[in-house]
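Here is what each chain is made of, one letter per residue.
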Amino acid sequence: MKEHVLSLSYGKDSLACLGAIEKLGWPLDRIVHAEIWATDTIPADLPPMVEFKARADEIIKTRWGITVEHFTTKYAEGISGEKVNYEECFYRRMVKGKFVGRMKGFPMQKGNWCTKLKLNAIAQLGITEDTIQYIGIAQDEPERLARLDGVTKLSPLAAIGWTEIDCRRWCEENNLLSPIYTTATRGGVGFATIRV
């Protein structure tokens, strides 16, 4: 039996997937979110975003009857523990290759380091070839849409024809617009460096 999972970032596009899935009549079994932490006790999100996530989870549970599953990541080889954070990743030492024993440093200069943490967290979910993943990519993002296989990775937003503007409007109408959009067009983690 196929499982249908929404990967939720709490951005306007992934939240609007809830409305698109509902309108399309597509099945939805689980909603998952990969948490990123600055330290063991400090989330990477700014306090308004932490509060928003909790409120959004309540709305989602009430309206769709699904509890959002929050996962953390085991990012890197040589780091133990359930909740790996930015601080551990930054200050870790290389465990293989020609730089064994040297400090790795983090984030890397190529790519989005937090995306790697999120993908590793999602990989822990036991997603199989029978899992259908819903991903929040709007109709007006053709480059990103081209990365989806259209079989196990689908965009409900593209299927319904919603643009990023449509997603924002849906979130505003449903009290699910993240506070990040008061000052930015995209979200991200709320820290740049940590000093020890």
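Details of the structure are given in the entry above.
These numbers come from a predicted model, not from an experiment. (Residues numbered from 1 in each chain as written. Predicted model: local features only at pLDDT ≥ 70, side-chain atom pairs only at ≥ 80, totals over all residues. Heavy atoms only, no water.)

Re the overall build of the chain
Alright, step 1. Broken down by element type, the chain carries seven helices and five strands.
Alright, step 2. In the chain, the succession of helices and strands from N to C terminus is β-α-β-α-β-α-α-β-α-β-α-α.
Alright, step 3. Looking at the chain as a whole, 40% of its 196 residues are labelled buried.
Alright, step 4. Across the chain, the fraction of contacts at a sequence separation of at least 24, relative to all contacts at a separation of at least 6, is 62%. (Helix = DSSP H or I, 4+ residues; strand = E, 2+ residues; numbered from the N terminus. Buried < 20%, exposed > 50% of the residue type's maximum accessible area, 1.4 Å probe, protein only. Contact = heavy atoms within 4.5 Å.)

Things to note about the sheet that holds strand β1 (residues 3-7)
Alright, step 1. Taken in spatial order, the five strands make up an open sheet running β3-β2-β1-β4-β5, and their pairing is parallel. Each having just a single partner strand, β3 (69-71) and β5 (153-154) make up the two edges of the open sheet.
Alright, step 2. Seen against the sheet, helix α1 (residues 12-24) touches β1, β2 (30-34) and β4 (131-134) and runs at an angle of roughly 140° to β1. (Pairing = 2+ DSSP bridges. Axes fitted to C-alpha atoms, helices over the stretch in contact; angles between N-to-C directions.)

Remarks on the side chain of serine 178
Alright, step 1. The residue serine 178 is located in the segment after α7 (164-173) in this model.
Alright, step 2. Judged by its relative accessible area of 2%, serine 178 is buried.
Alright, step 3. Beyond its immediate stretch of four places on either side in the chain, serine 178 contacts Tyr10, Met49 and Phe52.

With respect to the pairing of β4
Alright, step 1. Burial along β4 is two-sided: the face carrying Thr131 and Gln133 and the face carrying Ile132 and Tyr134 are both buried.
Alright, step 2. Bridge analysis of β1 against β4 gives four bridges, and the strand direction is parallel. Counterpart to histidine 4 in the pairing with β4 is isoleucine 132.
Alright, step 3. The pairing of β4 with β5 spans two bridges and is classified as parallel. If you follow glutamine 133 over to β5, its bridge partner there is lysine 153.

Looking at the packing of aromatic side chains
Alright, step 1. Within this structure, the stated rule accounts for two aromatic pairs.
Alright, step 2. Summarising the aromatic geometry, the rings of tryptophan 64 and tryptophan 170 are spaced 6.3 Å apart at their centres and angled 45° between planes, so their arrangement reads as tilted. With a gap of 106 residues between them, tryptophan 64 in helix α2 (residues 47-64) and tryptophan 170 in helix α7 connect regions that are remote in the sequence. (Phe/Tyr/Trp six-rings, centres within 6.5 Å; stacked < 30°, edge-to-face > 60°.)

Things to note about α7
Alright, step 1. Taken together, the buried positions of α7 are Cys167, Trp170 and Cys171. Projected onto a plane normal to the axis of α7, the buried residues spread over an arc of 100° and lie on a single side. In α7, the exposed positions angled more than 90 degrees off the buried face are occupied by Ile165 and Glu173.
Alright, step 2. Of the surrounding elements, those touching the buried residues of α7 are α1, α2 and α6 (156-160). (Arc of directions from axis to C-beta.)

A closer look at α1
Alright, step 1. With 13 residues, α1 extends 18 Å from end C-alpha to end C-alpha; this agrees with the ideal 18 Å at 1.5 Å per step.
Alright, step 2. At leucine 18, α1 shows its maximal bend, which comes to roughly 25°.
Alright, step 3. Counted residue by residue, α1 has ten buried out of 13 residues, so it is predominantly covered.
Alright, step 4. Among the residues making up α1, those that are buried are Lys12, Asp13, Ser14, Leu15, Ala16, Cys17, Leu18, Gly19, Ala20 and Ile21.
Alright, step 5. For α1, the secondary structure elements touched by its buried residues are β1, β2, α2, β4, α6 and α7.
Alright, step 6. Downstream of α1 by a residue or two, glycine 25 has a phi angle that is positive, lying close to 75°. (Expected span 1.5 Å × (residues − 1). Bend = angle between axes of the 7 residues up to and from the residue.)

Looking at the packing of α1 against α7
Alright, step 1. Their axes nearest at 8 Å, the elements α1 and α7 cross at an angle of 70°. Considered as vectors, α1 and α7 are oriented roughly perpendicular to each other. Residue-level inspection shows Lys12, Asp13, Leu15, Ala16, Leu18 and Gly19 of α1 in contact with α7, the latter providing Glu164, Cys167, Arg168, Trp170 and Cys171.
Alright, step 2. For the contact of α1 with α7, a count of residues per class yields six nonpolar, one polar and four charged. (Parallel < 35°, antiparallel > 145°, perpendicular 65-115°, else oblique. Nonpolar A, V, L, I, M, F, W, Y, C, P; charged D, E, K, R; others polar.)

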